[in-house]
There are 2 protein chains.
Amino acid sequence: MKNNKNKIDKVNHIAIAVNDIKTAGKVWSKTLGCNVSKIKELPEHGVKVIFVKFLNLKIEFIEPLGRNSPIKKYLSKNPNGGIHHICFEVKDINKAKEQVLQNGVKILNDGLIKNGAHDKPVIFLNPSDFTGTLVELEET
Amino acid sequence: MKNNKNKIDKVNHIAIAVNDIKTAGKVWSKTLGCNVSKIKELPEHGVKVIFVKFLNLKIEFIEPLGRNSPIKKYLSKNPNGGIHHICFEVKDINKAKEQVLQNGVKILNDGLIKNGAHDKPVIFLNPSDFTGTLVELEET
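Residues numbered from 1 in each chain as written. Chains lettered and ligands numbered in written order. Predicted model: local features only at pLDDT ≥ 70, side-chain atom pairs only at ≥ 80, totals over all residues. Heavy atoms only, no water.

Residue-level contacts link 46 residues of chain B with 46 residues of chain A. Between chain B and chain A the total buried area reaches about 3,700 Å² when both faces are included, carbon and sulfur atoms providing 68% of it. In this structure, the connection of chain B to chain A is made through zero salt bridges. Between the two partners, chain B and chain A, sit 15 residue pairs in polar contact (both at pLDDT 80 or more). (Contact = heavy atoms within 4.5 Å. Buried area = accessible area lost by both parts, 1.4 Å probe. Salt bridge = Lys/Arg side-chain N within 4 Å of Asp/Glu carboxyl O. Polar contact = N/O pair within 3.5 Å; in protein donor to acceptor, adjacent residues only side chain to side chain.)

Here we take up the sheet that holds strand S4 (residues 58–64) of chain B. Hydrogen bonds between backbone atoms are what pair the strands of a sheet, whose relative direction is either parallel or antiparallel. All names here are of chain B. Taken together, the eight strands give an open sheet; going across it, the order is S2-S3-S4-S1-S5-S8-S7-S6, and neighbouring strands pair in mixed fashion. At either margin of the open sheet sits one strand with a lone partner, and together these are strand S2 (40–42) and strand S6 (114–115). Examined bridge by bridge, strand S7 (residues 121–125) and strand S8 (residues 135–139) share four bridges and lie antiparallel to one another. Within S8, the residue paired with Phe124 across the bridge is Glu136. Helix H3 (residues 93–102) rests against strand S5 (82–90), S7 and S8 of the sheet, and its axis sits at about 15° to S7. (Pairing = 2+ DSSP bridges. Helix = DSSP H or I, 4+ residues; strand = E, 2+ residues; numbered from the N terminus. Axes fitted to C-alpha atoms, helices over the stretch in contact; angles between N-to-C directions.)

Quick look at the environment of A:Asn115 now. All names here are of chain A. For Asn115, the location among the structural elements is in strand S6 (residues 114–115). On the accessibility criterion, Asn115 (44% relative accessible area) is partly exposed. The sequence separation of Asn115 and Glu138 amounts to 23 residues, and the corresponding C-alpha distance is 8.9 Å. Asn115 has contacts with His45, Lys120, Pro121 and Val122, leaving out every residue within four places of it along the chain. Within polar-contact distance, the side chain of Asn115 engages the backbone oxygen of Asp119 at 3.4 Å. (Buried < 20%, exposed > 50% of the residue type's maximum accessible area, 1.4 Å probe, protein only.)

With that settled, the discussion passes to the pattern of salt bridges. Residue and element names in this part refer to chain A. On inspection of all chains with the given rule, the structure shows two salt bridges over all chains. For Glu63, the salt bridge is made with Lys48, and the minimal N-O distance between the two is 3.6 Å. Residue Glu63 is found in strand S4 (residues 58–64), and its partner Lys48 is found in strand S3 (residues 47–53); the two are separated by 15 residues along the sequence.

Here we come to the pairing of S4(A). Residue and element names in this part refer to chain A. The buried fraction of S4 is high, at six of seven residues. In the sheet, S3 pairs with S4 via seven bridges, with the strands oriented antiparallel. Looking at S4, one finds that Val52 is bridged to Ile59.

This part is about the environment of A:Phe61. Mapped onto the elements of the fold, A:Phe61 is located in strand S4. In contact with A:Phe61, not counting residues within four places along its chain, are A:Ile16, A:Val18, A:Ile21, A:Ala24, A:Trp28, A:Lys48, A:Val49, A:Ile50, A:Val52 and B:Thr131.

If you rotate chain B by 180° and push it 0.0 Å along the axis, it lands on chain A with an RMSD of 0.0 Å. With respect to symmetry, the two chain copies, as superposed, fit the operation of a two-fold axis. Minimal C-alpha separation from the rotation axis in chain B is found for B:Asn56, amounting to 2.8 Å. A symmetric contact is evident, with 100% of the interface residues of chain B recurring at the interface of chain A. (Least-squares fit on C-alpha atoms with pLDDT ≥ 70 in both.)

Across soluble globular proteins, nonpolar side chains have a tendency to be buried as a group. A:Phe88, A:Leu137, B:Phe88 and B:Leu137 are the most contacted members of the largest nonpolar core, which has 60 residues in total. If we skip the residues at most four places from it in the chain, A:Leu137 touches A:Ile8, A:Phe88, A:Val90, A:Ile93, A:Ala96, A:Val100, A:Pro121, A:Val122, A:Ile123, A:Leu125 and B:Leu32. If you look at the next biggest cluster of nonpolar residues, it comprises nine residues, including A:Ala15, A:Val47, A:Phe51 and A:Ile62. (Core = buried A, V, L, I, M, F, W, Y, C linked by side-chain atoms within 4.5 Å.)

Another point: the confidence of the model for chain A. When pLDDT is averaged along chain A, the result is 94; 96% of the residues meet or exceed 70. For this predicted complex, the interface score ipTM comes out at 0.94, while the overall pTM is 0.95. (pLDDT = per-residue confidence, 0-100.)

What follows is the structure in structure tokens.
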């Protein structure tokens, strides 16, 4: 890439979708000895969340909340749960969006930049255009 | 956990399985501006690999190599590719294995500790016992 001003160099978090974050938190803390946060409800994003902090990044477990939760479809296909998305940090979400579109990758939610679960502007890349992987870009 | 001597505190890498790592590398480097390594063949592990380094961890793209590649089944279910596993670092793989088994989580490959793609001892946790998520533990 010629213009690498908006180069992505840091993973913010990995999100794992499950049907029950309380149970998931117990399984991970017992088996791997990691520290799990309290449950946080984010009704505006249709999820409940717990955070597991590691030295170099955090993992977020997400459980559907409400009728229109955006992770319901994923869980109907993956009833045991699974790795839902990877979130990267970007300095400028507008430049990142432009760069993504220039490379023929669609943006979900009609291409709109919205505030994500951390109350920062985010976009989600269309997995079909991007190695089957749901990627979130978050302005930091 | 009472005994946290074998506490897991660092993610080593995220692995993304794809049918064609060369194309995947191009898509990621163009769209996100990240630097992609050369292709490495690991016939003993049934994969070809490219590495993408970020400040806090690396992502590995894996493509099936040979007839008995362990990622063929995943790709037949996810033909576009997808996030295959997360690898965590552990200090003592034997202790980690014991802790995993004590918590009722099965270990793949008949429970054997084998040398992984980085030539270090690894185990893989059974996703069905572990929030649908394939987790690799690697002794560092």
